[in-house]
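One letter stands for each residue in the lines below.
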Amino acid sequence: MENNDSLFAAAALEAPGDLAAALALPAAAGHFDELHGRTLDKAPPAASQTQTQQALQLAGTAVTPASAPDTGPAAVPAARLSPDWSRFFNFLGGDGFDDLNHRTANLQRQIRDNGVTYNVYADANGPQRPWSLDLFPLILPAQDWAQIAAGVQQRARLLERIMADVYGPQQLLALGLLPAALVQGHPGYLRAMHGVRPAGGTFLHIVAFDLARGPDGRWWVVSQRTQAPSGLGYLLENRLAISRLFPEAFRELKVQRLAASYKALVDGLKAASPARKCGEESRIVLLTPGPYNETYFEHAYLARYLGLTLVEGSDLLVRDDKLYLKTLQGLEPVHGLLKRVDDEFLDPLELRSDSTLGVPGLLQAIRAGNVLVANAPGSAFLESSALLGFLPALSRHLLDEPLALPSLATWWCGEQAALQAVLPRLKECVIKGTYPESGIESVIAQTLSRRELDEWAGRLLRRGEDYTVQAYLPLSQTPTWQGQRIAPRSTMLRVFAVADGAGSWQVLPGGLARLAGPNDKIASMQQGGSSADVWALAESAPPRKATTGAAMSPPANGSPSAVSLAAEPGAQPRAATPARHKPPVTSRAAENLYWLGRYTERTENAIRMAQLTLQSLNGEDQSSQPLLAWLSELAVKNGLVMDSVPPATQSRRVFERSLIASLADTEDAASVGYNLRALKGAASAVRERLSQEQWHVIMRAEADFFSRCEAFSGPEHPASQALEYSSVEALAALESASGFLAAMTGAQTDRMSRDDGWRLLSTGRHIERLNTLASSLILGFETGAVFDEGGFGAILALFDSTITFHAQYQQQRDVPALLDLLVLDRDNPRSLGWVTQTLRGRLARLAENTVGAPQPVPDLAPALPDPGSWRLDDLCSPAPGAPDSEPYAGLLAQLELCCNAAFELSDTLSRRYFSHVAPDEHSLGA
């Protein structure tokens, strides 16, 4: 009988929905359970150990007794799932639950490979950590989403009307519908913007609302974000990742698409920009605080997806009340600014004087109507939680409508009546700060002791205006996959509305779900929470929009579209040449690309020098004094060892040990690790210009090298064995890094557009190569290594020309043959002749592209030696009037010219392209 019951139970669990119900842990009592679609006063009985083990076996998932507590007999049924979640699990695919752990691993690898990060300032693991994304989405039924979308759209209209009044006639203040302390007393209210009508007539273009579902199943507004709401990039990355992992479920559940909302945002910005009045093409840029901002990945991701130029404050300047972008071709006008910088940092002239993130004079350009800023500065007061309590009355006054989406009950304690009303119920509420500068963290009063609660009540009585009290809402709990079980996590939903025209709003279908930790009541990414994709379901399958032909929307200026249909019957479609938009290269991006090239070449050179040194110190030529002297000079000159280290000619083992110890030293040496980290820093500043694969290679190269170095230099190696093992393992680490550098070089060569930014990257590489190779060859002659058999081969290896030399000259060891290949051969990419010739070509092309620009740049190629004038006889001859004992004086003179030209060229490029300062443009001291 027991065996028959077991078989019956197993058969009953074969449906995916039943499997999921058996694997699911119950939501906490009093929280709405998204998985089951209901709230219970107490948690329902969990599946028994027998049921759970059967479910896990059917799902192909291992289980331990501890993960499946026996809470009742096998006959107790698990709670049934909501219809949408049941359908989701029905479309898991052929492998079902057995594949969930594999999909989780794929998701984590994809997040890591794509370089999706969320920078947490207080994170002890460094400034960047991978974005946290759960495997399961938050599913919103069509009826729920319709209610949310309508309520969010209404609130976006309401906030726009409030902004227009506060910075206009201020009737709401006069009528007492808004307390002056919450507006004019708020640090986010900008008096400099009063009376200003923004370009296009719209104050807000992106608004975000944080929602939570209560135990009654209704959605409530908890807060709103208007300054620079984050999440638009992360939710798009979430959607791309999760929809690929559950393609069948995504298709069958009729999930609404996101792309149309992003297009509406950009189209709305362009239509409202001042350029449209003049019939010009709008240039919109995205302003970011820089790579160290917590959401910088999103800034770069959005800029790339929307086709906008990513800029920092230093890329922009204001002249004659107009905003300009500093580019390689000079100053170019900017008509729109999608800002991700808080208002107070926007203009150091009128706001925070210590800000280095903004643009001096930006507010004046806004007041003049010459630039559109989304959102208009001055909206920070709308983010105060205290404002939520006044919105119902404001909606009735401004829109003549009740709020479709309710706010949590909110009391601003600056009003005596509100303070007296909330004090008796303080234990059931959440205490928040009214103003951002107060630094008050949200406090859940339920977690306070009686004494702590009394202390908070005293603070409210003394300085009530600084505090806002909000009703506590148990957050709904959504299912997450935790390796063996489906576990509930408290969640909050951020929904975005974007302006797609004057007074018109579009709600992005979906949003960003933020999940709290297992024992947390607050869902916050800054406190280590996670995220989930949000699937807003449609009543019917959303229509797919064509991307060509008549379905394309015509340009706003009325010109024919790229593909137009002939009016006459039977006529064939005619393809017109599309307008090509050439994105500008900002001076900051150009400088970072230039240094990306230099650090790439510098890292590659450091790796090759370290490999060559370690191999030579342990090879058959380890007793060659000229070779050891050359390697020692080379290592000191290029930062591989400190100049205080005894050279290899005096103490070979001490020198070797110091070289290995410095490989990963980023503080006291400029060896491989230092240059790898500098390379990554330069690349991070131009993330929007790099492919995901290219960025992934850079991240892996750094992580792999430092982990290998830590392995062979860590405490597990006794001092007596460190040298014996670390020399071999150091070479293995260098070999691995060399492979990564080859991949980086290939990506830079074949996977980047050949614009001026790429030319500066290439120029940086070749300047670095010219200086390194020329100075290395000088040291080869000064130390006599070039005349030594071991030194001769080492120089060829440094120039990466050993195979070519043997193929052309067999076993010769003649210095003229060496110079012919390493100096004169313009078919050898490692020769000085090829490097100089390529540099001259890059510089000439850069100069050509600035012809007709406001600030044309002269051709800098003549500053370099002309390899066409070099002759082998001249290089191998003594200088005029010099004794015959200096047969290579002509060569050394040319090599010195190459080194000096590299330094001078680097300075000139910085002045001409990055700082736009001519040599004679300098300030005079007092």
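The rules behind each value
- Residues numbered from 1 in each chain as written.
- Predicted model: local features only at pLDDT ≥ 70, side-chain atom pairs only at ≥ 80, totals over all residues.
- Heavy atoms only, no water.
- Helix = DSSP H or I, 4+ residues; strand = E, 2+ residues; numbered from the N terminus.
- Buried < 20%, exposed > 50% of the residue type's maximum accessible area, 1.4 Å probe, protein only.
- Contact = heavy atoms within 4.5 Å.
- Areas by Shrake-Rupley, 256 points an atom, 1.4 Å probe, with all protein chains shown as cover.
- Core = buried A, V, L, I, M, F, W, Y, C linked by side-chain atoms within 4.5 Å.
- Phe/Tyr/Trp six-rings, centres within 6.5 Å; stacked < 30°, edge-to-face > 60°.
- Lys NZ or Arg CZ within 6 Å of the ring centre and 35° of its normal.
- Pairing = 2+ DSSP bridges.
- Axes fitted to C-alpha atoms, helices over the stretch in contact; angles between N-to-C directions.
- Salt bridge = Lys/Arg side-chain N within 4 Å of Asp/Glu carboxyl O.
- Right-handed = clockwise from strand over helix to strand, strands pointing away.
- Parallel < 35°, antiparallel > 145°, perpendicular 65-115°, else oblique.
- Nonpolar A, V, L, I, M, F, W, Y, C, P; charged D, E, K, R; others polar.
- Left-handed = near helix turned anticlockwise from the far one by under 90°.

*Asks:* So what exactly am I meant to see when it comes to the overall build of the protein here?
*Replies:* Regarding its fold elements, the protein presents 29 helices and 21 strands. Looking at the protein as a whole, 54% of its 926 residues qualify as buried. Here the contacts in the protein between residues at least 6 apart in sequence split such that 71% fall between residues at least 24 apart. Accessible surface, the protein as shown: approximately 39,900 Å² in total, 51% of it carbon and sulfur.

*Asks:* How do you make sense of the nonpolar core when you look at a structure like this?
*Replies:* The biggest cluster of nonpolar side chains holds 101 residues, and the ones touching the most others in it are Trp630, Phe705, Val823 and Leu909. The element best represented in this core is helix H17 (residues 587-617), accounting for 13 residues. Residues within four places of valine 823 in sequence aside, it is in contact with Leu777, Leu818, Ser831, Leu832, Gly833, Trp870, Leu875 and Leu891. The next biggest cluster of nonpolar side chains, apart from the first, holds 73 residues, and it includes Leu204, Val221, Ala376 and Ala536.

*Asks:* Looking at this model, I keep getting lost on the packing of aromatic side chains. Mind explaining?
*Replies:* The geometry of an aromatic ring pair comes down to the distance between the two centres and the angle between the two planes. Evaluation of the coordinates by the stated rule reveals 29 aromatic pairs. Centroid distance phenylalanine 88 to tryptophan 535: 5.8 Å. Interplanar angle 70 degrees. Geometry classified as edge-to-face. Placement of phenylalanine 88 in helix H4 (residues 83-90) and of tryptophan 535 in strand E19 (residues 530-536) is noted, with a sequence separation of 447 residues between them. Tryptophan 535 shares its class with phenylalanine 88; the two are buried. The rings of Trp85, Phe88, Phe89, Phe97, Phe136, Phe246, Phe250, Trp481 and Trp535 are connected pair by pair, giving a single aromatic cluster. Here the basic side chain of arginine 677 rests over the ring of phenylalanine 706, its NZ or CZ set 4.3 Å away from the ring centre.

*Asks:* Would you explain the side chain of arginine 765 in this entry?
*Replies:* Within the secondary structure, arginine 765 sits in helix H23 (residues 756-783). Dropping the residues within four chain positions of it, arginine 765 is found in contact with Gly597, Arg598, Thr600, Glu601, Glu604, Thr745 and Gln748.

*Asks:* How should the sheet that holds strand E7 (residues 322-327) be read in this particular structure?
*Replies:* The strands that make up a sheet are held in pairs by hydrogen bonds between backbone atoms, and each pair lies either parallel or antiparallel. Strand order across the open sheet formed by three strands is E6-E7-E8, with antiparallel pairing between neighbours. Across the chains shown, the open sheet's two edge strands, defined by having one partner strand only, are strand E6 (316-319) and strand E8 (330-333). On average, each strand axis in the sheet is tilted by 45 degrees relative to the strand beside it, whichever way the strands run. In the sheet, E6 pairs with E7 via four bridges, with the strands oriented antiparallel. Considered in E7, the bridge of leucine 317 is made with tyrosine 324.

*Asks:* Could you clarify how one ought to interpret the sheet that holds strand E5 (residues 309-311) in this entry?
*Replies:* Read from one edge of the open sheet, four strands run E5-E4-E9-E10, paired in parallel fashion. Edge positions in the sheet fall to E5 and strand E10 (372-374), since each of these pairs with one other strand and no more. On average, each strand axis in the sheet is inclined to that of its neighbour by 25 degrees, with strand direction left out of account. Looking at chain direction, strand E9 (residues 336-339) and E10 are connected through three bridges and run parallel. Its bridge partner lying in E10, glycine 336 is registered against leucine 372. Each of strand E4 (284-287), E5 and E9 touches helix H12 (residues 296-306); the most contacted strand, E5, lies at about 150 degrees to it.

*Asks:* Honestly, the pairing of E7 in this entry has me stumped. Any pointers?
*Replies:* Regular strands place their side chains on alternate faces of the sheet. The two faces of E7 differ: Leu323, Leu325 and Thr327 on one face are buried, but Lys322, Tyr324 and Lys326 on the other face are not. Two successive antiparallel strands, E6 and E7, enclose a turn made up of two residues, where aspartate 320 displays a positive phi of approximately 55 degrees. Pairing analysis gives four bridges linking E7 to E8, with the strands arranged antiparallel. When the sheet's bridge partners are listed, tyrosine 324 is paired in E8 with proline 333. Hairpin remark: E7 followed by E8, antiparallel, with two residues in the connecting loop.

*Asks:* What should I look at first to understand the pattern of salt bridges in this one?
*Replies:* Once their charged atoms are close, side chains differing in charge can pair, the charge on each being opposite to the other. Applying the stated criterion to the full structure yields 36 salt bridges. Residue arginine 494 pairs with aspartate 210 through a salt bridge whose shortest N-O separation is 2.8 Å. Here arginine 494, found in strand E16 (residues 486-501), pairs with aspartate 210, found in strand E2 (residues 206-213); they are 284 residues apart in sequence, far enough to count as distant. Since its relative accessible area comes to 7%, arginine 494 is described here as buried. The network of salt bridges with shared partners includes Glu601, Glu604, Arg608, Arg765, Arg769, Asp800 and Arg830.

*Asks:* Just checking my understanding: could you explain the pairing of E4 for this structure?
*Replies:* With burial as the criterion, each face of E4 is covered, one bearing Ile284 and Leu286 and the other bearing Val285 and Leu287. The pairing of E4 with E9 spans four bridges and is classified as parallel. Of the residues in E9, the one forming a bridge with valine 285 is leucine 337. The pairing of E4 with E5 spans three bridges and is classified as parallel. By the bridge assignment, leucine 287 is partnered in E5 with valine 311. In the classification by handedness, the crossover that spans E4, the intervening H12 and the parallel E5 is right-handed.

*Asks:* How should I be thinking about the packing of helix H11 (residues 259-272) against H12 in this particular structure?
*Replies:* Two packed helices can be described by the angle between their axes and the distance between those axes. Contact geometry for H11 and H12: axes closest at 11 Å, N-to-C directions at 85 degrees. In this view, H11 runs roughly perpendicular relative to H12, as classed from their interaxial angle. For the pair H11 and H12, the contacting residues are Ala259, Tyr262 and Val266 in the first and Leu302, Tyr305 and Leu306 in the second. For the contact of H11 with H12, the residue count by class is six nonpolar, no polar and no charged.

*Asks:* How do you make sense of the packing of H17 against helix H19 (residues 652-662) when you look at a structure like this?
*Replies:* Orientation of H17 relative to H19, taken along the N-to-C sense of each, is 150 degrees, at an axis distance of 11 Å. Between H17 and H19, the crossing angle belongs to the class labelled roughly antiparallel. Crossing geometry of H17 relative to H19 is assigned as left-handed. On H19, the residues touching Ala610, Thr613, Leu614 and Leu617 of H17 are Arg652, Phe655, Glu656, Leu659 and Ile660. Across the contact of H17 with H19, the residue classes break down as six nonpolar, one polar and two charged.

*Asks:* Would you mind going over helix H26 (residues 815-824) with me for this structure?
*Replies:* Residues separated by three or four positions in an α-helix point in the same direction, a consequence of the helix having 3.6 residues per turn. Most of H26 is tucked away, with eight of its ten residues classed as buried. All of the buried residues along H26 are Val815, Ala817, Leu818, Leu819, Leu821, Leu822, Val823 and Leu824. Where the residues of H26 are buried, they touch H23, helix H24 (789-798), helix H25 (802-809), helix H27 (832-848), helix H28 (872-875) and helix H29 (889-914).

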